[in-house]
Amino acid sequence: MNKLTQRIDKERLLLGIAAPLLAIVAALVVTALVILATGKNPGSAFSDMVTYGSASDSQVYILNKATTYYLAGVSVAIGFRMNLFNIGVDGQYRIAAFFAAVLGGALTTPGWISIPLIILCAMATGALWAAIAGVLKVTRGVSEVISTIMLNSIATAIIAYLLQPGKLAELQSGGTVISTKPLPSSSYFFQINTGAAGELWGFIVIAVVVGVAYWFVLGRTRFGFDLRTVGQSESAAMASGVSVKKMIATSMVISGAVAGLIGMPTLLNDSHQFSNDFPTGIGFTGIAIALLGRNNPVGIALGALLWGFLERTTNHLEFEGYDKEILGVIQGVIVLCVVIAYELVGRYGLRRQQQRVGAELAAQAATTQKQEVA
C-alpha cells in the first residue's frame, strides 16, 4: 500500500502541475486566435507584453495592483471554502473604504493611532455589511447571492447620498472633485522607495500577513477544519457536532472583514481620500482570482500577479494599436480555461486513482485466496 500511495501522490503532483500548464497553453492559443482575428500579429503582441511587463516601473505597478487583488481574492476564497458565494465583496469594500476615509479625515491623532483605527474601521464596516447577508441566510434561508447583490446596490446608494458637500464630503479646490476630507499626512501608510521605478505600497506587508493567517487558520486550526467540513458536507458537519448556522454567519463576517481591507492600499498609500473615482469592481475581480488560485493562498497570489501583469501590459498594447477590449478577452479566456482544465484534470486523476486502488485491492485479494488454498 505504501508503493501505491507513493504512486498516487506522484500522479497527483504531476496532475497538479498539468492543470495550470494546460490552462495557460489553451489561453495563449485562444488569445492568439482572437488577436489574429483583429488583423494583428499575436507574436508581436506577446513579445511587447513580456518586454513592457518586465520593466522595473511595471513590476512596481504590478505588485501594487496585486496587493489589492490579493486581498479581494482571499475575501472571496473564504466564502468559497465554506461553499458560500459572497458576491457582495464589491459593496463591502467600497462602503468600508468610504467610512474609513471619513474617519481618517476627521482624526488628528498621530499615525500610530490613526492608521490602526482606520484599518479597524474598514474591517468592522465590511464585517457588519457582510453579516447582514449571513444573518438573512441562517435565519430566513435567503440565498447569499441574492442578498449580497442587493446589498451592493444599497451600498452604492448610501455612498452616493453621503458623498455630497454638506454631508460627509466636500468640494475640493478647483470645484471639480467631490471627496471626503483628505487624510492628514500622518495617516499615510509607509511606502518603499524603489528609485526611478516608483513607490511600492507598504500595504503589501499587510496582504502577506492576511495570506499567512488565511493559510494557518483554515489549514491548521479546529475552526478551519470545521469551516471546510461544513463547506463539503453540512450533514456530516452536523453529525460531528458543528453548528452549521454559526459557521455560515462567522464565515460571512470574516469574509467581510477581509473585504474591508481591499480599499486600504488605495486609501492609505495612494488617493488618501474617497471620491467618485475610487476604484470599483475589484470585488468581482477577486472572484476570478479566487477561481484562478483554487482558493489556495499561494495560487491566489499568483493569480493576483497575473491580473496585475495583464492590466499593465494590455493597457500598453492599446497605445501600440491593439484593441482596448483585448484585456477583457484575455482575462475571460484565462478564467474559463483554468476552470475547464482543472475540471478535466481532476476527473482524470480521480478515475486513475480509482483504477489503481481497484487493481491493487484485486491483486491483494488474489494473493490472499492463493494462500488460503495452499
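Quick notes on the rules
Residue numbering note: each chain is counted from 1, following its sequence as written. Only residues with pLDDT of 70 or above have their local features reported here, since the model is predicted, and side-chain atom pairs are shown and tallied only from 80 upward, although totals for entire chains, interfaces and linings are computed over all residues. Just so you know, side-chain values use all the structure's heavy atoms and leave hydrogens and water out. Every definition here rests on a 1 Å grid over the protein atoms only: cavities are sets of points where a 1.4 Å probe fits but cannot get out, pockets are open sets enclosed by protein on both sides within 12 Å along at least five of seven lines, and lining residues have some atom within 4 Å of a point. Grid points are joined across faces, edges and corners, and a volume is the space filled by probe spheres set on the points. Strands here mean DSSP runs of E at least two residues long; helices mean DSSP runs of H or I at least four residues long; both are numbered from the N terminus. We call Asp, Glu, Lys and Arg charged. Ala, Val, Leu, Ile, Met, Phe, Trp, Tyr, Cys and Pro are nonpolar, and the rest, Gly among them, are polar. Domain start and stop points were drawn from an automatic or database domain assignment. UniProt positions are given in the numbering used here, feature names are shortened, and annotations may be inferred rather than shown by experiment. The buried label goes to any residue with under 20% of its type's maximum accessible area, the exposed label to any with over 50%, and the partly exposed label to all in between, with areas taken from a 1.4 Å probe on protein chains only. Identification of polar contacts relies on pairs of N or O atoms within 3.5 Å, with a donor-acceptor requirement for protein atoms, meaning one able to donate a hydrogen and the other able to accept it, and with residues adjacent in sequence counted only if both atoms are side-chain atoms. In this description, contact between two residues means that some pair of their heavy atoms is separated by no more than 4.5 Å. Buried area is understood as the total, over both parts, of accessible area removed when two parts are fitted together, assessed with a 1.4 Å probe. Salt bridges, as used here, are contacts in which a Lys or Arg side-chain nitrogen is within 4 Å of a carboxyl oxygen on Asp or Glu.

Asks: Outline the layout of surface pockets, supporting the account with residue identities and numerical values.
Replies: Estimated volume of the largest pocket: approximately 660 Å³. If you trace the largest pocket, you find 25 residues lining it, with Pro20, Ile24, Leu302, Leu306 and Ile334 closest to the centre. Elements with a minimum of two residues in the lining of the largest pocket: α1 (2–37), α2 (42–53), α12 (282–293), α13 (297–319) and α14 (326–373). At eight residues, α13 tops the list of elements feeding residues into the lining of the largest pocket. Residues of the lining of the largest pocket, tallied by class, amount to 19 nonpolar, five polar and one charged. Shared between two domains, the lining of the largest pocket holds at least three residues of each, these being domain 1 (1–40 + 322–365) and domain 2 (57–308). Its boundaries defined by the atoms lining it, the second largest pocket holds a volume of some 400 Å³. If you trace the second largest pocket, you find 18 residues lining it, with Gly293, Arg294, Asn295, Asn296 and Tyr342 closest to the centre. Counting residues per element, the ones that place at least two in the lining of the second largest pocket are α1, α7 (204–220) and α14. Looking at the lining of the second largest pocket element by element, the count peaks at five residues for α14. Considering only residue class, the lining of the second largest pocket consists of eight nonpolar, six polar and four charged.

Asks: Residue-level account of the UniProt feature "transmembrane region" (unreviewed entry) in the protein, with values.
Replies: Per the UniProt record, the feature "transmembrane region" (unreviewed entry) sits at residues 12–38, 58–80, 92–109, 115–136, 145–163, 200–218, 248–268 and 326–345. The distance separating the terminal C-alpha atoms of residues 145–163 is 27 Å; by composition the span is 95% helix and 0% strand. Strand forms 0% of residues 248–268 and helix 86%; the C-alpha atoms that close the span are 31 Å apart.

Asks: Tell me about the side chain of Asn86, and name the residues and values.
Replies: Within the element layout of this structure, Asn86 appears in the loop between α3 (56–81) and α4 (89–106). On the basis of relative accessible area, Asn86 is assigned to the buried category, the value being 0%. One polar contact links Asn86 to Ser255, side chain to side chain, over a distance of 2.8 Å. The residues touching Asn86, leaving out its near neighbours within four places in the chain, are Gln92, Thr148, Met252 and Ser255.

Asks: Explain the domain arrangement of the protein to me, using residue names and the numbers behind them.
Replies: Segmenting the protein into domains produces domain 1 (1–40 + 322–365) and domain 2 (57–308). Listed per partner, the contact involves five residues of domain 1 and six residues of domain 2. Summed over both partners, the interface of domain 1 with domain 2 buries about 600 Å², with 79% contributed by carbon and sulfur atoms. Our count for the contact surface shared by domain 1 and domain 2 stands at zero salt bridges. In this assembly, domain 1 and domain 2 are joined by zero residue pairs in polar contact (both at pLDDT 80 or more). The residue makeup of the side of domain 1 that touches domain 2, split by class, is four nonpolar, one polar and no charged.

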